[in-house]
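Structural overview
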Amino acid sequence: MARPGPVAVRTPPGTGRRTPGRQSAHFVGPAFVAAVAYVDPGNFATNVTAGSRYGFALLWVVLVANAVAMLVQYLSAKLGIATGMNLSEMCRERYGRRLRIGLWVQAELVIMMTDLAEVVGGALALNMLFGVPLPVGGALTVAGMLLVLLFQQRGRRQFEAVITALLAVVLVAFVYQTFRAHIDGGAAVRGLAPSLPGRDSALLAVGIVGATVMPHAIYLHSALTQELVRPGRDSSAPGSDGRRSAGTGLAAARRAGVRMSALDVVAALSIAAVVNASILMAATSLHGSGADSLTDAYGAFGTIFGGFAATVFGIALLASGLAASCVGVYSGQIVMQGFLRRSVPIWQRRLVSLLPAAAVLCLGVDPTLALVLSQVVLSFGVPFALVPLLRFTGDPALMGELVNRRVTRVAAVVAAALIIAMNAYLIVMVVA
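**Focus on the overall build of the protein chain**
- A count of helical and extended segments in the protein chain gives 19 helices and 0 strands.
- In the protein chain, which comprises 432 residues, the proportion classed as buried is 58%.
- Counting contacts in the protein chain only where the partners sit at least 6 residues apart, residues at least 24 apart contribute 84% of the total.
- As displayed, the protein chain has an accessible area near 17100 Å², and 67% of this comes from carbon and sulfur atoms.

Next up, the structure:
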């Protein structure tokens, strides 16, 4: 699949130099595509299960994970803008063959787990809304994904618009669900205090992290921004020394791009945070009911709030599955091209990556449990993308003046250590 069309900082024919407002607008959009990964069916499964079983107790995990995601996606966007290369390409250039192949294999596993979540989520939604059998629903979800991907072939803006529209559907749906749930404000505030009530809560907490700080979105975001600024005479600034002016203009364009990308990330992931918190808070209305699967939640929402609320839940799940599946396929192409300099037709990639989802749908595996476990696998995959990202964005030779500042480095290291510590804690809990 082709990369998004390059948007160079250049002068449009017949219009003079691009105005700051029009130039800045080109940096808005990539974060909204990446943000879809943060509100996929895996988030539905982990947040619904957490809210139903533990009330507001894991709300703090959702908010901390989203804060970490903002920092990580900002660094990913900055890497693409500063170097003109995405994270997988940088790993290929900077690491030896064995390490490079190892990182590629784990990245493909991560994307396979992502595909499982999207397809199973879409199949569940179609089953809830229309009674479509799960295997058929999975096939229809894949067909819908391919239809949405046609917009990517027509250009970056059309693709971003469709993905953002699907994200808006999910946002509106769960804001509505939250208002219907009549949230206890005091209980929600108490849920901001870090705690892990019960053995299973550790599994859910790690699943929430994996569903939020998604590894494939880290690779994706750097690819979406890597050609937003590129060298050329059009990036030059007025002056007597053409080369010096060109370098100054390019540096200024990159600084502006990083600033606008930061705003893009904050806006998009704030929406994702609202959605994730809303899913968990809406599910607290099911606390103590035993309805901790997506199918049970759909039925319980219908019983408690009426059929319309249940339908809204199903539509939101379907929209998230379609949007996130497209983003997953796109990320898979970027990862393979970056690590191996190779690509395969979409249908071949889908045929392989959909095998786990097909097994879940055809063999009668509990779909919600499969979704939660897939997100746990994603959490274990985060450090393999995050550690190289921190290394590259902290390298002055690569990043120049856009290298991470000390406060950014400290925050990023703390975030990485927190994720690794949670993964290790889960392993200890399982082994013990």
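**Notes on unusual backbone geometry**
- Positive phi, close to 55 degrees, is recorded for His182, a residue that is not glycine.
- Looking at the element boundaries, His182 is found in the loop between helix H8 (156–181) and helix H9 (185–190).
- Residue classification places His182 among the exposed residues on the basis of a relative accessible area of 68%.

**Observations regarding the packing of aromatic side chains**
- Using the criterion set out here, one finds 8 aromatic pairs in the structure.
- Geometrically, the ring pair formed by Phe174 and Phe313 is edge-to-face, given 5.9 Å between the ring centres and 75 degrees between the ring planes. Separated by 139 residues along the polypeptide, Phe174 in helix H8 and Phe313 in helix H14 (residues 307–340) bring together distant segments of the chain. Assigned by exposure class, Phe174 and Phe313 land together as buried.
- Among the aromatic residues, those joined into a ring-pair cluster are Phe44, Phe174, Phe301, Phe305 and Phe313.

**Re the nonpolar core**
- Grouped together as the largest cluster of nonpolar side chains are 143 residues, with contacts concentrated most on Phe44, Leu58, Leu87, Leu294 and Phe313.
- Looking at this core element by element, the count peaks at 19 residues for H14.
- Aside from chain neighbours lying at most four places away, what touches Leu87 is Leu79, Ile218, Tyr219, Ser222, Ala385, Pro388, Leu389 and Phe392.

**Digging into helix H4 (residues 59–83)**
- Here H4 is 25 residues long and its end C-alpha atoms lie 37 Å apart, about the 36 Å a rise of 1.5 Å per residue gives.
- Extensive coverage of H4 is indicated by the burial of 20 of its 25 residues.

**Some words on the environment of Ser88**
- Here Ser88 shows up in helix H5 (residues 87–94).
- Assessed through its relative accessible area of 0%, Ser88 is described here as buried.
- Sequence spacing of Ser88 and Phe339 is 251 residues, and the spatial spacing of their C-alpha atoms is 5.4 Å.
- In contact with Ser88, other than residues within four places in its own chain, are Tyr219, Ile334, Val335, Gly338 and Phe339.

**Side note on the environment of Ser331**
- Examined against the element boundaries, Ser331 turns out to sit in helix H14.
- According to the relative accessible area criterion, Ser331 is buried, its value standing at 1%.
- A C-alpha to C-alpha distance of 6.0 Å links Ser331 and His216, two positions 115 residues apart in sequence.
- With sequence-adjacent residues up to four places away left out, Ser331 is seen in contact with Ile111, His216 and Leu220.

**Observations concerning the packing of helix H13 (residues 294–305) against H14**
- In the contact formed by H13 and H14, the axes pass within 6 Å of each other and the chain directions differ by 150 degrees. Taken together, the axes of H13 and H14 lie roughly antiparallel to each other. Residues Leu294, Ala297, Tyr298, Phe301, Gly302 and Phe305 of H13 lie in contact with H14, whose contacting residues are Gly307, Ala309, Ala310, Thr311, Phe313, Gly314 and Leu317.
- When its residues are assigned to classes, the contact of H13 with H14 shows 9 nonpolar, 4 polar and no charged.

**Side note on the packing of H5 against helix H17 (residues 367–393)**
- Where H5 contacts H17, the two axes come as close as 11 Å, and the packing angle between them is 75 degrees. Relative to H17, the element H5 lies roughly perpendicular. Residues Leu87, Met90, Cys91 and Arg94 of H5 pack against Ala385, Pro388, Leu389, Arg391 and Phe392 of H17.
- Of the residues belonging to the contact of H5 with H17, the class tally is 7 nonpolar, no polar and 2 charged.

**Let's talk about the environment of Leu147**
- Inspection of the secondary structure puts Leu147 in helix H7 (residues 134–153).
- You can call Leu147 exposed: its relative accessible area is 53%.
- Residues Leu147 and Cys326, 179 residues apart in the sequence, show an inter-C-alpha distance of 9.3 Å.

**Re H14**
- Taking 1.5 Å as the rise per residue, H14 with 34 residues should run 50 Å; its terminal C-alpha atoms sit 49 Å apart, in good agreement.
- Among the 34 residues in H14, 28 count as buried, and that is most of the element.
- Following H14 by one or two positions, Arg341 adopts a phi angle in the positive range, close to 60 degrees.

**Notes on the pattern of salt bridges**
- What the rule picks out here adds up to 4 salt bridges.
- Notably, a salt bridge pairs Arg53 with Asp292, separated by 2.8 Å at the nearest N-O pair. Taken together, the residues span a long stretch of sequence, with Arg53 in helix H3 (residues 41–54) and Asp292 in the loop between helix H12 (242–283) and H13 at a distance of 239 residues.
- The salt bridge partner of Glu401 is Arg255, with a shortest N-O separation of 2.6 Å. Of the two residues, Glu401 sits in the loop between helix H18 (396–399) and helix H19 (406–431) while Arg255 sits in helix H12, which places them 146 residues apart along the sequence.
- With relative accessibility at 32%, the residue Arg255 sits in the partly exposed group.
- Sharing partners across several salt bridges, the network here consists of Arg92, Glu93 and Arg341.

Rules used throughout
- Residues numbered from 1 in each chain as written.
- Predicted model: local features only at pLDDT ≥ 70, side-chain atom pairs only at ≥ 80, totals over all residues.
- Heavy atoms only, no water.
- Helix = DSSP H or I, 4+ residues; strand = E, 2+ residues; numbered from the N terminus.
- Buried < 20%, exposed > 50% of the residue type's maximum accessible area, 1.4 Å probe, protein only.
- Contact = heavy atoms within 4.5 Å.
- Areas by Shrake-Rupley, 256 points an atom, 1.4 Å probe, with all protein chains shown as cover.
- Phe/Tyr/Trp six-rings, centres within 6.5 Å; stacked < 30°, edge-to-face > 60°.
- Core = buried A, V, L, I, M, F, W, Y, C linked by side-chain atoms within 4.5 Å.
- Expected span 1.5 Å × (residues − 1).
- Axes fitted to C-alpha atoms, helices over the stretch in contact; angles between N-to-C directions.
- Parallel < 35°, antiparallel > 145°, perpendicular 65-115°, else oblique.
- Nonpolar A, V, L, I, M, F, W, Y, C, P; charged D, E, K, R; others polar.
- Salt bridge = Lys/Arg side-chain N within 4 Å of Asp/Glu carboxyl O.

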